[in-house]
Amino acid sequence: MTIYQNINRLVSYALKTGLITKEDVVYSQNRLLELFKLDGFEKAGDEKLPSVKTNDLENILQELLDWAAKNGVFEDSGIVSRDLFDTKIMGLLVPPPSDVIDTFNTLRDDFSPKHATDWFYKFSQDTDYIRRYRVCKDLKWKAKTSYGAIDITINLSKPEKDPKAIAAARSAKQGGYPPCLLCPQNEGYAGRVNHPARQNHRIIPLTLNNEAWGFQYSPYVYYNEHCIVFNKKHTPMKICRATFERLLDFVTQFPHYTLGSNADLPIVGGSILTHDHFQGGHYEFAMARAPIETEVKFAGYPDVKAGIVKWPMSVIRLDCKKKEKLVDLAQKILKKWRAYSDKSAFIFAKTDGVPHNTITPIARRRGNDFELDLVLRNNITTEEHPLGVYHPHAELHHIKKENIGLIEVMGLAVLPSRLKNEMQKLSEALVANKDISRDELLAKHADWVNELKAKYKFTKENAQKILQKEIGIVFSKVLEHAGVYKRNADGKAAFLRFVQAVNK
């Protein structure tokens, strides 16, 4: 199609999805003509809008990018430069922040918080901030384990940087603006080779615990309505009393959402420790379905139902109608855990003055009750386990080596994109009964594959299903490794000793 036809297709898409109204059509056409360095349409009638479908967007943008690169509007050096320019295109069609905020608040106040988030989630996809056509490429399945069905995803929606982009980013000036990927200064930012464009990004302001916070969605959406809630100030992650107050304040305002925080220490924390933020969404994680395994009581808190959760990691669950009670008890548990050591269980609060104990907290509603899950974390390392004692050990690195953050803690494995190709190759090798021990790509899986061969007879029909099932089992072991108290009699006894310590 011609550049003029694609400009009109894009304007038609914006009109169809509600990004613009009919009064904005000519204005939007002219802004796009200017971006593509065109003086106007070639002839009268060219400005008529065609009918389009929502899923036409990928093709429309691809054709616009190809034309722009060919005609010198931008230099096409790969996926990074194309993403920078197509975000600039979409930014011309996105309403200003004030309009977006007004719509969100009106829907929340006149209808419900769910109406507001439903609209904002769709809006964030329509603007191409969440790229639907990439997210749908992620591999996802549920795997049965002894802890229930857990979620597995192989992330394919976050594009791999090409060599040219990596080289350009290395030589680019390291700017301090925006201060980080989560700061509010990202809204509308043009981006650069080492920082994504965000002209199509919008943030909803929130007040949590009488502080200014922002609400947005993750562009990579690991699960339904994967949201990020961040402090408007660029301040480091810190788990403290205010953390529990903010989380519970959020689920008071948005009772259909879960919200949690990564821990605030390296190894057991998330990828961004420099900016205080939470993650959540409209999704029931496997951990939320896990039952209480052992009921416990905390002195002075008769209104709080408490227990140890049947989960591979070490989780204390607290339920109460009064969120103030939960905050008080959670703070008491956190304070005790920060200073707690138990040599027999290899738990040390500090070594050489370096703190190791922290908590990954998750908040949700259970009807009228508030619920907090407190996941006990420890980031101690040893010569045997240099990446962390309570981190996936070396024998599991063929599947998962990265840190176990909030999302994994809740029972959703975010696995590296390399596994898509490796699973396919493994499937073929297993069916052919091929030795992979000298295969450069697959050798890391050799010990695991030998175990699988002893358990199953592989065919073309069942190989992929078996691998999916077994990857789920490996991930449950990953979580067991990350648990500070092991799933045996000694571990359970040690866990109860900590509960008793809280009560002293």
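What comes next is a walk through the structure.

Analysis parameters
- Residues numbered from 1 in each chain as written.
- Predicted model: local features only at pLDDT ≥ 70, side-chain atom pairs only at ≥ 80, totals over all residues.
- Heavy atoms only, no water.
- Helix = DSSP H or I, 4+ residues; strand = E, 2+ residues; numbered from the N terminus.
- Rg over C-alpha atoms; globule rule 2.2 N^0.38 Å.
- Buried < 20%, exposed > 50% of the residue type's maximum accessible area, 1.4 Å probe, protein only.
- Areas by Shrake-Rupley, 256 points an atom, 1.4 Å probe, with all protein chains shown as cover.
- Lys, Arg positive; Asp, Glu negative; His and termini not counted.
- Charge placed at Lys NZ, Arg CZ, Asp CG, Glu CD.
- Pairing = 2+ DSSP bridges.
- Axes fitted to C-alpha atoms, helices over the stretch in contact; angles between N-to-C directions.
- Salt bridge = Lys/Arg side-chain N within 4 Å of Asp/Glu carboxyl O.
- Phe/Tyr/Trp six-rings, centres within 6.5 Å; stacked < 30°, edge-to-face > 60°.

Counting its secondary structure elements, the protein contains 16 helices and 15 strands. Radius of gyration (C-alpha) of the protein: 25 Å, near the 23 Å computed for a compact globule of 504 residues. Overall, the C-alpha framework of the protein stretches about 80 × 60 × 45 Å when taken along its three principal axes. By residue count, 54% of the 504 residues in the protein fall in the buried class. Of the roughly 23100 Å² of accessible surface on the protein, 51% is carried by carbon and sulfur atoms. Once the 73 positive and 61 negative side-chain charges of the protein are each reduced to a mean point, those two points are 4 Å apart.

Here we have three strands laid out as an open sheet, ordered 1-2-15, and mixed in their pairing. Two strands bound the open sheet, and with one partner strand each, they are strand 1 (139–145) and strand 15 (412–415). Mean inter-strand twist for the sheet, computed between neighbouring axes without regard to direction, equals 25°. When strand 1 meets strand 2 (residues 148–154), the two strands line up antiparallel, connected through seven bridges. When the sheet's bridge partners are listed, Lys140 is paired in strand 2 with Thr153.

Inspection of the entire model under this criterion finds 32 salt bridges. Among the salt bridges present, the one from Glu371 reaches Arg364, with a minimum N-O distance of 2.6 Å. Both residues of the pair, Glu371 and Arg364, count as buried. Put simply, Glu371 and Arg366 hold a salt bridge, and the shortest N to O gap is 3.0 Å. Glu371 sits in the buried class, given a relative accessible area of 2%. Taking relative accessible area as the criterion, Arg366 reaches 33% and is therefore assigned partly exposed.

Glancing now at the pairing of strand 5 (residues 227–231). On a regular strand, each side chain points to the face opposite its neighbour's, so the side chains alternate between the two faces of the sheet. Buried residues dominate strand 5, accounting for five of its five residues. The alternating pattern of strand 5 places Cys227, Val229 and Asn231 and Ile228 and Phe230 on opposite faces, both of which are buried. Where strand 5 lies against strand 7 (residues 277–281), four bridges are found, and the strand directions are antiparallel. Across the sheet, the residue bridging to Cys227 is Gly280, located in strand 7.

Here 10 strands make up an open sheet; going across it, the order is 3-4-5-7-6-13-14-10-9-8 and the pairing antiparallel. At either end of the open sheet lies a strand with only one pairing partner, and these are strand 3 (204–208) and strand 8 (292–296). Each neighbouring strand pair of the sheet contributes to a mean axis angle of 25°, computed without reference to strand direction. Looking at chain direction, strand 3 and strand 4 (residues 211–217) are connected through five bridges and run antiparallel.

Each pair of aromatic rings is reported with the distance of its centres and the angle of its planes. Within this structure, the stated rule accounts for 32 aromatic pairs. Centroid distance Phe36 to Phe85: 6.0 Å. Interplanar angle 80°. Geometry classified as edge-to-face. Placement of the pair is Phe36 in the loop between helix 2 (25–35) and helix 3 (57–70) and Phe85 in helix 4 (residues 79–91), with a sequence separation of 49 residues. In this pair, the class of Phe36 matches that of Phe85, namely buried. With a centroid separation of 4.9 Å and 10° between ring planes, the pair formed by Trp213 and Phe278 is classed as stacked.

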